[in-house]
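Reading the structure
One-letter residues, chain by chain:
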Amino acid sequence: MQKLLFDFISKYISLTDDERNVLLSLNLFHSVKKGTVLLKEGQKSKDSYFVLKGCIRSYYFVDGEERTTAFYTEMEALTPPCALSKTPSEHYISCSEDTLLIISNADMEEEVNSKFPKFDVMCRMFSAELLAKQRIDFDEFKTSSPEQRYLNLLQKRPDLLQRVPQHQLASYLGITPQSLSRLRARLLKK
């Protein structure tokens, strides 16, 4: 698990042994079982999540139905809005699989960044990449038909089809599970 983290960081900056040891001393690594709810609606949290292995899902309840907004898999990060706004969460975050996470918070990040300023540079670079990716994903979602959303998912994140239940995929695509089944059947005939 340490190697996964250090390989990811090496894409942005190089680490000294001291810097690696500081990171390891923070007790960041957490193994979490499938089905575990990391954050509930109404709960306050300072935590941010980085997925080393596994899958977590963000979702809301609207009129008693789950509405999946995102899946986060290997080398993806999630900072819930409530961690920044210091208000109760409006959504849930749960593990769709057994997951290995790095869980940190603003205090930990500030401590590391003050000791090692290059971590701040890395975080800014990663945040800019993440923001750009989310903007592209949002724009594609808003301008695509359900069929195009599904085809985009097949192209960009085919692993999700094997990793998460169909009803969660359908919710993520903005359609019912029945519509997803019909869509899959129609595409198979083509």
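Along each chain, numbering runs from 1 in the same order as the chain's sequence is written. Local features in this predicted model are restricted to residues whose pLDDT is 70 or higher, and side-chain atom pairs enter the listing and the counts only when it is 80 or higher, whereas totals over whole chains, interfaces and linings include all residues. Based on all heavy atoms of the structure, the side-chain values leave hydrogens and waters out of the count.

Per an unreviewed UniProt entry, the protein chain goes by the name Crp/Fnr family transcriptional regulator and belongs to Emticicia soli.

1. Some remarks on the environment of H91
Note the following rule: A run of DSSP states H or I qualifies as a helix once it reaches four residues; a run of E qualifies as a strand once it reaches two. Both are numbered from the N-terminal end. Residue contacts are counted whenever heavy atoms from the two residues lie within 4.5 Å of one another.
For H91, the location among the structural elements is in the loop between α3 (81-85) and β7 (92-95). Remark: the alpha-carbon pair of H91 and M75, spanning 16 residues in sequence, is separated by 22 Å. Ignoring anything within four residues of it in the chain, the contact list for H91 reads L39, K40, E41, S58, Y59, Y60, P80 and P81.

2. What to know about the state of the cysteines
Filter applied, for reference: Count a disulfide wherever a pair of cysteine sulfur atoms falls within 2.5 Å.
Inspection of the entire model under this criterion finds zero disulfides. C123 takes part in no disulfide bond, and the closest cysteine sulfur, belonging to C82, lies 19 Å away.

3. With respect to the sheet that holds strand β3 (residues 47-53)
Under the convention used in this document: A pair of strands counts as paired when DSSP detects no fewer than two bridges linking them. Angles shown run from 0 to 180 degrees and are taken between the N-to-C directions of axes, each axis being a line fitted to C-alpha atoms and, for helices, limited to the stretch in contact.
The antiparallel open sheet is built from four strands, whose spatial order is β1-β8-β3-β6. The open sheet has two edge strands with one neighbour each: β1 (29-32) and β6 (76-78). Taken over all neighbouring pairs, the strand axes of this sheet differ in orientation by 30 degrees on average, direction set aside. In terms of strand pairing, β3 meets strand β8 (residues 99-105) through six bridges, oriented antiparallel. Residue K53 lies in a different strand from β8, and its bridge partner there is L100. Sheet strands touched by helix α1 (residues 2-9): β1, β3 and β8. Its angle to β3, the strand with the most contacts, is close to 105 degrees.

4. Structural notes on the environment of K40
Summarising the element assignment, K40 is placed in the loop between β2 (37-39) and β3. When the C-alpha positions of K40 and M108 are compared, they lie 22 Å apart, and in sequence the two are 68 residues distant. In this structure, K40 is in contact with S89, H91 and Y92, ignoring residues within four places of it in sequence.

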